[in-house]
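Spelled out from the first residue to the last, the chains are:
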Amino acid sequence: MPESHKPRDFFEASAAGAADHELRRKLESASARHLEHFEQVRDEFSPYEAERTAARAIKQDAIGRLDELLVELAKKLEAHGCKVFFAANADEARGYILKLAQASGAKRVVKGKSMTTEEITLNPALESAGMEVLETDLGEYIVQLRHEPPSHIITPAIHLSKEDIGNLFHEKFGIPYTPEPAELTAEARTRLRESFLRADFGITGVNFAIAETGTLVMVENEGNGRMSSTLPEIFVAIMGIEKVIPRLADLPHFLEILGRTATGQKLTTYTNFIRGPRTAGELDGPREMHVVILDNGRSAMLADPVLREALMCIRCGACLNVCPVYRHIGGHAYQSPYPGPIGSIISPNLVGSAAAHLPFASTLCGACKDVCPVKIDIPRILLHLRWKETSSATPPDWPAAANRARAGARRFAKMARHPRTIRILGRIAAMILKPIAHDGWIRRMPPPFGNWTKIRDFPRPRPRARRAAESPDAKI
Ligand code: SF4
């Protein structure tokens, strides 16, 4: 694992991300491109708001009766010849898949995109058992070559430029350097094709699972999910319990919004409908199909009246693209398979207390709520999680930097009760800082405030403007 990707304290990792101007440039340009495409296709599609409302209502209904829908789904899948396994936690899910792969003598595993397998850390378990595991989604393939986790739930290699990828392929495959996306994609495709044909075990994630028909739906743009689920003799689909939707007729509402918000497309290139292993007379498809349905903290989210809304997420990644924190620090800083705003609300439950500080990594600007295709009120959930964390009987096990931030906030809260003192201090600060300000901004604050200006400028305090703002005639 490269030095820059070794697990670190969140504060250290986010400070490093924010200080990496090249990373920020790449994130800004990729996120802006995503949003631009989204704006274009949204305007071409007039009932977008109506589709959002419909999708939200369906998800609300589904999470309100998950138990009933999951039983119906499992029955239908079994009737189609699938083996269904309900995993209470990551260990059970990982253990089931590992045992299955070992029992079948699997040597070469191909994987379609699946954040759930990242959540249960499946690849290291299979690799430790001597299997070759290959990510076949292009972005996942690239980050796997770099021995690093994905940095975005939809665009795993968002933190890399085409030049970075050209250099990577040159170094790993010994081919001449090229930054041309078409040539790089062709190179990856040739290598992956060969691996699909040799693979004996396939794994993919699931976007939606239709209870009514017992159908798993997987959307993708590269066709690798289709290859991973049909070419190997044994295929495992893994999904969180929240992926179930009631009826086939519900699906179009989600397909309409997912492609637009995830990648700025009217529709993703492939929509795969998977019902079971191949039957007599069919020429393709796996001999054996297993479906792992994972809880791993989701039931606890369901039991929380505020947090349960997070189970409506369709993992489109749009909230990451608009989040000022994500765009500053990048996905690796979160050290969770689910970064960004959605990661900050689900990670504490799905990956444990190591992510308990993530709800605090937000400015609460609300951009995530505005863009979310199923209108999840992420800021409200963040506040709810902050309240839970700070009011718990056991003091949170936060890193030292978080405790320092909390102590600072407490000192500020005390001071804020004395507006006169603040005004006097403001005037003093304005006088002290005036000589070091340029064009109204301070590039480097004196200690102990130096950390602020490490990654941003500070506006010069203006006592007169403050007084004007406090006057009854001040414009808001
Ligand atoms: S919370 Fe909403 S915007 Fe974010 S990934 Fe989930 S569905 Fe998309």
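As the structure is a computational prediction, the values presented were derived from the model and not from experiment. (Residues numbered from 1 in each chain as written. Predicted model: local features only at pLDDT ≥ 70, side-chain atom pairs only at ≥ 80, totals over all residues. Heavy atoms only, no water.)

1. A short note on the pairing of strand E6 (residues 215-220)
Taking burial as the measure, the 6 residues of E6 include 6 buried ones, the bulk of the element. Going residue by residue along E6, you find Thr-215, Val-217 and Val-219 tucked away on one face and Leu-216, Met-218 and Glu-220 tucked away on the opposite face as well. Bridge analysis of strand E5 (residues 208-210) against E6 gives 3 bridges, and the strand direction is antiparallel. Counterpart to Ile-210 in the pairing with E6 is Thr-215. Counting the residues that bridge the hairpin from E5 to E6 gives 4 residues, and of these Gly-214 lies at a positive phi of roughly 65°. (Buried < 20%, exposed > 50% of the residue type's maximum accessible area, 1.4 Å probe, protein only. Helix = DSSP H or I, 4+ residues; strand = E, 2+ residues; numbered from the N terminus. Pairing = 2+ DSSP bridges.)

2. Some details on the packing of helix H9 (residues 162-173) against helix H10 (residues 181-198)
Contact geometry of H9 with H10 gives a least axis separation of 10 Å together with a crossing angle of 40°. Between H9 and H10, the angle is such that the two are oblique. Remark: the crossing between H9 and H10 carries left-handed chirality. Residues Lys-162, Ile-165, Gly-166, Phe-169 and Phe-173 of H9 form the contact with H10, whose participating residues are Pro-181, Leu-184, Glu-187, Ala-188 and Arg-191. (Axes fitted to C-alpha atoms, helices over the stretch in contact; angles between N-to-C directions. Parallel < 35°, antiparallel > 145°, perpendicular 65-115°, else oblique. Left-handed = near helix turned anticlockwise from the far one by under 90°. Contact = heavy atoms within 4.5 Å.)

3. Focus: the pattern of salt bridges
Following the criterion strictly, the structure yields 27 salt bridges and no others. Note that Glu-49 and Arg-52 form a salt bridge whose closest N and O atoms lie 3.1 Å from each other. Taken together, the residues Glu-49 and Arg-52, both in helix H3 (residues 48-64) and 3 residues apart, mark about one turn of the helix. For Glu-49, a relative accessible area of 42% gives the class partly exposed. Taken together, the shared-partner salt bridges connect Glu-119, Glu-242, Arg-298 and Arg-315 into one network. (Salt bridge = Lys/Arg side-chain N within 4 Å of Asp/Glu carboxyl O.)

4. Structural notes on the site of the ligand
Lining the immediate environment of the ligand, one finds Cys-313, Ile-314, Arg-315, Cys-316, Gly-317, Cys-319, Ile-342, Cys-372, Pro-373, Val-374, Ile-376 and Ile-378. Of all the cavities here, the one that holds the ligand is the second largest cavity. Counted by class, the shell around the ligand contains 10 nonpolar, 1 polar and 1 charged residues. (Near = heavy atom within 4 Å. 1 Å grid on protein atoms, 1.4 Å probe; cavity = no way out; pocket = protein on both sides within 12 Å on 5 of 7 lines; lining within 4 Å. Sits in = over half its atoms within 2 Å of the grid points. Nonpolar A, V, L, I, M, F, W, Y, C, P; charged D, E, K, R; others polar.)

5. A look at the pairing of strand E4 (residues 201-204)
Residues Phe-201 and Ile-203 line one face of E4 and the alternating positions Gly-202 and Thr-204 line the opposite face, and both faces are buried. For strand E2 (residues 108-111) and E4, the ladder comprises 3 bridges, and the chain directions are parallel. Paired with Val-110 across the strands is Gly-202, a residue of E4. As judged from the 4 bridges shared by E4 and strand E7 (residues 234-240), these two strands associate in the parallel manner. Bridge pairing links Gly-202 to Phe-235 in E7.

6. Quick notes on the domain arrangement of the chain
Each assigned domain of the chain is listed here: domain 1 (1-158 + 200-415), domain 2 (161-192) and domain 3 (418-470). The distance between the C-alpha centroids of domain 1 and domain 2 comes to 27 Å. Both faces considered, domain 1 and domain 2 share a buried interface measuring about 890 Å² in area, 76% of it formed by carbon and sulfur atoms. Between Lys-26 and Asp-164 there is a salt bridge, with the nearest N and O atoms lying 2.8 Å from each other. Counting only elements with at least two residues in the side of domain 1 that touches domain 2, the list comes to strand E3 (132-135) and helix H8 (138-145). When residues of the side of domain 1 that touches domain 2 are assigned to their parent elements, the largest contribution, 4 residues, is made by H8. (Domains from an automatic or database assignment. Buried area = accessible area lost by both parts, 1.4 Å probe.)

7. Considering the packing of aromatic side chains
Across all of its chains, the model carries 9 aromatic pairs by this definition. Aromatic side chains Phe-85 and Tyr-96 sit 4.3 Å apart centroid to centroid with 5° between the ring planes, which places their arrangement in the stacked category. Pair noted here: Phe-85 is in strand E1 (residues 83-87) and Tyr-96 is in helix H5 (residues 90-103), with a separation of 11 residues, a long-range link. Clustering of aromatic rings is evident, with ring pairs tying together Phe-10, Phe-11, Tyr-326 and Tyr-334. Over the aromatic face of Phe-254 sits the side chain of Lys-59, whose NZ or CZ is 6.0 Å from the ring centroid. (Phe/Tyr/Trp six-rings, centres within 6.5 Å; stacked < 30°, edge-to-face > 60°. Lys NZ or Arg CZ within 6 Å of the ring centre and 35° of its normal.)

8. Considerations on the sheet that holds E2
Pairing is parallel across the open sheet formed by 6 strands, whose spatial order is E1-E10-E7-E4-E2-E3. Of all the strands in the sheet, just E1 and E3 have a single pairing partner and so form its edges. Strand-to-strand twist in this sheet, taken as the mean axis angle between neighbours without regard to direction, amounts to 20°. Sheet strands touched by H10: E2 and E3. Its angle to E3, the strand with the most contacts, is close to 135°.

9. So, the sheet that holds E5
Spatially, E8-E5-E6-E9 is the arrangement adopted by the 4 strands of the open sheet, whose pairing is mixed. For this open sheet the edge positions go to strand E8 (244-245) and strand E9 (270-274), each flanked by a neighbour on one side alone. Two elements, E6 and E9, share 5 bridges in a ladder whose sense is antiparallel. In the sheet register, Val-219 faces E9, and the bridge partner there is Thr-271. Packed onto the sheet, helix H12 (residues 251-263) meets E5, E6, E8 and E9 and runs at close to 170° relative to E5.

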